[in-house]
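Structural features, examined
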Amino acid sequence: MARPTNVGIHAMDVYFPTTYVSQTDLEEFDGVSAGKYTIGLGQENMAVCGEREDINSVCLTAMENLLEKYGIGYDQIGRLEVGTETIVDKSKAVKTTLMSRFNEHGLFDVEGIDSKNACYGGTAAVLNSLAWVESSSYDGRYAMVVCGDIAVYEPGPARPTGGAGVFAMLIGPDAPLVVEPGVRGTHMEDVYDFYKPTMVSEYPRVDGHLSNACYLRALDGCYNRYADRYEKAVGEPFSLSSADYSVFHAPYNKLVQKSFGRYLWNDWLRNPTAHPELDAGFQEYAAISADESYTDRAFLKHLVNISKERYGQMVQPTELITKQCGNSYCGSTYAGLLSLISEKQDELDGKRVLLFSYGSGLAATQFSIKVADGAGVKEIAEKADVHARLADRTKITPEEFTAVLAHREESYTKFDYSPSRPVSDVAKGTYYLTEIDALERRHYARALHTSAAPLLAAAQNTAAGTAPRMVHRQGVRALPRFTSLMAPAVRLARRVFHR
Ligand code: ACO
């Protein structure tokens with residue numbers, strides 16, 4: 001079989017929770033000056049997951065929704081990669097929980113596992129999937145990536161930069177969104193800017209200002225390495241003008257604005273004579289040291305101002321989901337891509353999109369996508385239906401948001417319990433946690449309709465141990481418990497599902 005070409009993204013979808021908190025409301029609640037979160041950080045709303053959602057449930061939802069929307073069977077997936085830093089188990093991968101759905105269909109031959117490094121796991125999963133499709137191991141099935149996080153911070157300046165979202169993608173040959181081969185730039189270092197050293201809390205330890213400087217330093221490294229490889233591969237000078245759109249890992253929008261300006265700064269530093277139009281803007285900063293340039297507020301503000309017009313064309317269409325949902329960590333770069341797809345649809349035909357992915361610690365990569373089929377991209381936009389789904393969410397108050405996080409904190413290390421919160425806000429098609437049992441195994445069900453009562457009853461039954469191992473209740477499909485009893489459960493699952 002000839003090695004596949006034009007490998008890239010065929011299909012894409014997002015899951016974000018149905019509740020959000022407004023950043024304007026949060027500014028007032030937190031007692032910070034008006035505009036700090038909305039203008040200073042550039043954020044509008046932040047998605048909020050309830051106690052019943054954990055990383056396994058949100059990834060199950062994203063995976064299943066994508067497959068249903070595209071009519072793709074589990075037997076068409078040969079590799080499944082998860083990228084996340086929302087860890088609920090130090091050993092058992094989220095991917096293994098997703099396998100429960102494959103196992104129910106009698107399928108076990110699916111390569112891939114979780115990738116973890118702060119917000120970079122999604123990109124690691126994408127790169128692994130591309131490599132598999134391009135490799136001698138490829139068997140004609142799709143690779144699937146599920147990436148994202150529930151991003152929560154302790155009270156303080158980092159809290160408004162939380163969020164949530166999970167992105168599912170199908171990767172294969174002859175895709176509408178082709179990941180350009182041979183032109184990638186990577187930058188990796190050993191730093192402690194953001195990390196999660198303890199399992200007793202969901203919250204990271206974060207040095208926010210250090211993380212911003214690390215992000216910008218990684219961006220410089222990636223951009224220049226990408227540019228060098230592009231010039232070698234394409235045989236022409238690279239600059240921002242070589243691309244049409246630019247997607248960034250977006251912890252908060254202001255950092256994206258600074259980063260985009262930094263691309264122009266790098267263009268000028270790389271080849272000043274090729275960019276006389278930038279002389280007037282950059283000459284006054286010609287002597288700034290690299291270290292100063294990552295933290296000097298006046299310089300960073302200047303970058304934002306000088307690049308405003310081009311930002312409007314190249315980056316603004318990528319902001320939709322990240323401004324509305326906040327940081328989805330491993331999903332964030334793909335939130336930018338799906339936003340662009342939603343905003344521009346088939347206008348993207350033939351365009352080049354730069355993507356920058358950053359994960360603290362640190363790992364970062366710049367790569368690019370060439371759009372090969374505008375109609376295919378339009379289909380992704382229509383199926384994802386992002387505008388309508390964002391508009392359909394429910395706003396909660398900062399008090400409710402704070403209570404949700406307090407509740408998550410309180411229940412984080414609990415086991416032998418069922419979440420007490422009602423499931424009335426669990427949207428149709430969403431998986432949710434029904435129980436963490438006495439052996440700390442997690443169990444899930446999927447809401448198949450929006451009525452709360454039967455869901456609650458079923459969850460309570462499961463908690464009380466009265467439900468069978470695999471149950472079909474009105475509105476609920478509980479997942480089997482895949483433990484040492486896996487084989488009988490699979491047999492039972494096959495009987496139930498193939499009836
Ligand atoms: N109106 C308009 N702007 C305002 C206002 C106001 N009323 N008040 C403050 N601002 C501006 C500030 O001038 C500043 O702008 P600038 O950065 O352009 O100079 C901005 O708002 C933020 O204010 P700071 O005082 O710098 O913010 P603070 O120190 O409180 O926290 C931070 C910001 C560090 C980003 C914090 O939210 C954080 O730690 N977040 C998590 C870490 C993070 O996201 N890092 C990014 C990369 S790593 C990752 O993805 C997790």
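This section reports on the structure supplied with the text. (Residues numbered from 1 in each chain as written. Predicted model: local features only at pLDDT ≥ 70, side-chain atom pairs only at ≥ 80, totals over all residues.)

1. A look at the overall build of the protein chain
When helices and strands are tallied, the protein chain shows 18 helices and 19 strands. Burial analysis of the protein chain (499 residues in total) assigns 48% to the buried set. Put simply, of all contacts in the protein chain between residues at least 6 apart along the chain, 74% involve residues at least 24 apart. (Helix = DSSP H or I, 4+ residues; strand = E, 2+ residues; numbered from the N terminus. Buried ≥ 20, exposed ≤ 12 C-beta atoms within 10 Å, placed from the backbone. Contact = placed C-beta atoms within 7 Å.)

2. Thoughts on the environment of E410
Take E410: it is sitting in helix α16 (residues 398-411). Expressed as a C-alpha distance, the spacing of E410 and S201, which sit 209 residues apart in the sequence, is 9.4 Å.

3. Some details on the nonpolar core
Counting 130 residues, the largest nonpolar core has C59, A62, M144, V146, F167, M169 and L338 as its most contacted members. Summarising the domain contributions, this core has at least three residues from each of domain 1 (8-400) and domain 2 (418-481). Among residues more than four places away in sequence, those in contact with L338 are M12, V14, F167, I321, A384 and V386. (Core = buried A, V, L, I, M, F, W, Y, C linked by C-beta atoms within 7 Å. Domains from an automatic or database assignment.)

4. Describing the site of the ligand
The environment of the ligand is formed by 25 residues, the closest being G35, G40, P157, G208 and P251. The set of elements that each furnish at least two residues to the shell around the ligand consists of α2 (36-40), α6 (208-234) and α7 (253-270). For the shell around the ligand, the leading source of residues is α6, giving five residues. Split into classes, the residues belonging to the shell around the ligand amount to 12 nonpolar, 10 polar and three charged. (Near = placed C-beta within 6 Å. Nonpolar A, V, L, I, M, F, W, Y, C, P; charged D, E, K, R; others polar.)

5. Comments concerning the sheet that holds strand β2 (residues 19-22)
Taken together, three strands build an open sheet; the order of strands is β3-β2-β15 and the sheet is mixed. Here the strands that pair on one side only, and so sit at the sheet edges, are β3 (45-48) and β15 (394-396). With strand direction ignored, the average angle separating the axes of adjacent strands in the sheet is 40°. The sheet strands contacting helix α1 (residues 23-30) are β2 and β3, and the helix crosses β2 at an angle near 55°. (Pairing = 2+ DSSP bridges. Axes fitted to C-alpha atoms, helices over the stretch in contact; angles between N-to-C directions.)

6. Notes on the environment of Y120
Relative to the helices and strands, Y120 resides in the loop between β5 (114-115) and α5 (121-133). Looking at Y120, the number of C-beta atoms within 10 Å reads 29, which means it is buried. Each residue touching Y120, except ones within four places of it in the same chain, is listed here: S357, Y358, G359, A363 and A364.

7. What to know about the packing of α7 against helix α10 (residues 297-306)
With their axes 8 Å apart at the nearest point, α7 and α10 run at an angle of 80° to one another. Taken together, the axes of α7 and α10 are roughly perpendicular relative to one another. Seen from α7, the contacting residues are Q257, K258, G261, R262, L264 and W265; seen from α10, they are L300, L303, V304 and I306. Tallied by class, residues from the contact of α7 with α10 come to six nonpolar, two polar and two charged. (Parallel < 35°, antiparallel > 145°, perpendicular 65-115°, else oblique.)

Function-wise, these values are silent; they only describe arrangement.
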